[in-house]
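# What the coordinates show
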Amino acid sequence: MAGLAGVIAVGVYYALCMAGAAEQRGKRAVELGGGSLTREQVKSHYRKYAAFFDKPKEIESPGNVPKLVDTFYNLVTDIYEWGWGQSFHFSPAVPGKSHREETRLHEEKVADLLKLKPGQRVLDVGCGVGGPMRAIAAYSQSHITGITINDYQVARARSHNKKAHLDHLCEVVCGNFMTMPFEDNSFDGAYSIEATCHAPVLQDVYAEVFRVLKPGSLYVTYEWVTTPLFRADNAEHVEIIHGIEHGDALPGLRSYKEVGEIAKAAGFQVLQDRDLALPPAQPWWKRLKMGRLSYYRNHLVIALLSFLGIAPQGVVDVHEMLFKTALHLTRGGETGIFSPMHLLVCRKP
């Protein structure tokens, strides 16, 4: 018993005092929860989320997707912040740079492509907890307005904005990017970073971005796509893509061929249409290839916190789902059949 008590004590000490946020001060392991869900709702909502993928017709119905995405981000936002940081996206590996520096460079590239200037009004389409927003605002001194469907992420983003002393440049609203609460021709630029993959109908969100942009303005997006190497008749390829869709609340991944054509159908002129993950870019999935020891360490912390009643029941299931998703994403990168950074640079005529 004394030995078991010692193990538990060490585990509690690690979870309470050492297990902090991966990239920036933010969520700690002891603060993991279910977003806007109550502690009692986490497990049942995880089961409901998983059930969506047992009923393909429900996923294919556009009306069901916003609820699916909102539930997903209630379940995963705290774990993302704890284990990944405040920018919920990938970046190409850069020799000699840390993960945080790679992320910043990938975000600043958006500002450069948009040719942002101080004082311009810019839209972040699917802003999450606002990591990219803050980086782009600090770099360009533009005024960034972010929109996310998840009210918990709105609260987190506003808190981070204030702590970073960027709340004078960054604001966040809760809403569906398929029907945005902004006036026509009201933004000088717009971007989305690995966010519109959640759209049930991509042309609809592109049309909304087109509507709110001023004529002549640019829209930059990093899209999740299947690449020319994907084969629908290859069982492993299909398993990988389905695993990515399940673990990331996606109504269905689109082909690299589709996204540019969809942007044109929404009225945009497409200035660039290319995959930033292709060589000479270094592997974006390198960061996912943590050892099993790291995963089991994190999983043990979460299981212990759940056992002690510090973390809600169901968080363990969510973490296990995300680990499996990381494996699918890694295989998607290694096989070259998936990219999370297909670039479109578009102009509203």
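This text follows the structure it describes.
The following refers to the structure shown. Since the structure is predicted, the reported quantities are computational estimates derived from the model, not experimental observations.

In total, this model carries 0 disulfides according to the counting rule given. Between C174, a free cysteine, and C127, which holds the nearest cysteine sulfur, the sulfur-to-sulfur gap is 9.4 Å. Under the relative-accessibility criterion, C174 is labelled partly exposed at 42%.

Turning next to the side chain of T196. Here T196 is to be found in the loop between β4 (187-193) and α8 (202-212). In this structure T196 touches V125, F177, L202, V205, Y206, Y219, T221, E223 and R254, once residues within four positions along its chain are discounted.

Okay, the nonpolar core next. Y191, W224, I244, W284 and F338 are the most contacted members of the largest nonpolar core, which has 43 residues in total. Sequence-distant contacts of W284, that is, excluding residues within four places in its chain, are made with F90, S91, P92, A93, A277, L329, G333, F338, P340 and M341. Counting residues in hydrophobic clusters, the runner-up holds 30 residues, among them F53, Y73, A249 and A311.

So, about helix α12 (residues 315-335). Because an α-helix completes one turn every 3.6 residues, residues spaced three or four positions apart along the sequence face the same direction. In this model α12 runs 30 Å from its N-terminal to its C-terminal C-alpha over 21 residues, within 8% of the 30 Å that 1.5 Å per residue would give. Residues of α12 that are buried include every one of V315, V318, H319, M321, L322, F323, T325, A326, L329, T330, G332 and G333, and no others. A positive backbone phi angle near 80° is found at G336, which sits one or two residues after α12.

Turning our eyes to something else, we now look at the packing of helix α9 (residues 235-247) against α12. At a minimum axis distance of 8 Å, the contact between α9 and α12 shows a crossing angle of 135°. For the element pair α9 / α12, the angle class is oblique. Crossing of α9 over α12 shows left-handed handedness. Side by side, α9 and α12 meet where E236, E239, I240, G243, I244, H246 and G247 of the first sit next to M321, L322, T325, H328, L329, R331, G332 and T335 of the second. Considering only residue class, the contact of α9 with α12 consists of 5 nonpolar, 7 polar and 3 charged.

As a packed pair, helix α4 (residues 65-83) and α12 sit with axes 10 Å apart at the nearest point and diverge in direction by 80°. With respect to their mutual orientation, α4 and α12 come out roughly perpendicular. Of the residues in α12, those touching α4 at F72, L75, V76, I79 and Y80 are V315, V318, H319, M321 and L322. A per-class count over the contact of α4 with α12 returns 9 nonpolar, 1 polar and no charged.

When you line up the elements, R287 lands in the loop between β7 (269-275) and α11 (292-307). By relative accessible area, R287 is classed as buried at 19%. Measuring from C-alpha to C-alpha, the distance between R287 and H99 comes to 7.6 Å, with 188 residues separating the pair along the chain. Side-chain polar atoms of R287 contact the backbone oxygen of W84, separated by 2.6 Å.

Here V315 lies in helix α12. On a C-alpha basis, the gap between V315 and H299 in space is 9.8 Å, while along the polypeptide they are 16 residues apart.

This next bit is on unusual backbone geometry. A cis amide bond links P279 with the next residue in sequence, P280, at an omega value of 15°. Structurally, P280 is set in the loop between β7 and α11. One non-glycine residue, K115, lies in positive phi territory at about 55°. The class of K115 is exposed, set by a relative accessible area of 61%. In the Ramachandran plot, H165 falls in the positive-phi region, its phi being about 60° despite a non-glycine side chain. Within the secondary structure, H165 sits in the loop between α7 (151-163) and β3 (170-174).

Moving on, we get to the pattern of salt bridges. Side chains that differ in charge, positive against negative, can pair when their charged atoms come close. All chains considered together, the criterion is met by 10 salt bridges. Where R331 meets E236, a salt bridge forms, and the shortest distance between an N and an O atom there is 2.6 Å. You can see R331 sitting in helix α12 and its partner E236 sitting in helix α9, a full 95 residues away along the chain. Each of D184, E208 and R211 takes part in one network of salt bridges that share partners.

For D124, the location among the structural elements is in strand β1 (residues 121-125). At 2.7 Å, the side chain of D124 and the side chain of Y191 are in polar contact. With residues near it in sequence (within four places) discarded, D124 still touches P132, M133, I144, T145, G146, I147 and Y191.

Definitions and cut-offs
- Residues numbered from 1 in each chain as written.
- Predicted model: local features only at pLDDT ≥ 70, side-chain atom pairs only at ≥ 80, totals over all residues.
- Heavy atoms only, no water.
- Disulfide = S-S within 2.5 Å.
- Buried < 20%, exposed > 50% of the residue type's maximum accessible area, 1.4 Å probe, protein only.
- Helix = DSSP H or I, 4+ residues; strand = E, 2+ residues; numbered from the N terminus.
- Contact = heavy atoms within 4.5 Å.
- Core = buried A, V, L, I, M, F, W, Y, C linked by side-chain atoms within 4.5 Å.
- Expected span 1.5 Å × (residues − 1).
- Axes fitted to C-alpha atoms, helices over the stretch in contact; angles between N-to-C directions.
- Parallel < 35°, antiparallel > 145°, perpendicular 65-115°, else oblique.
- Left-handed = near helix turned anticlockwise from the far one by under 90°.
- Nonpolar A, V, L, I, M, F, W, Y, C, P; charged D, E, K, R; others polar.
- Polar contact = N/O pair within 3.5 Å; in protein donor to acceptor, adjacent residues only side chain to side chain.
- Salt bridge = Lys/Arg side-chain N within 4 Å of Asp/Glu carboxyl O.

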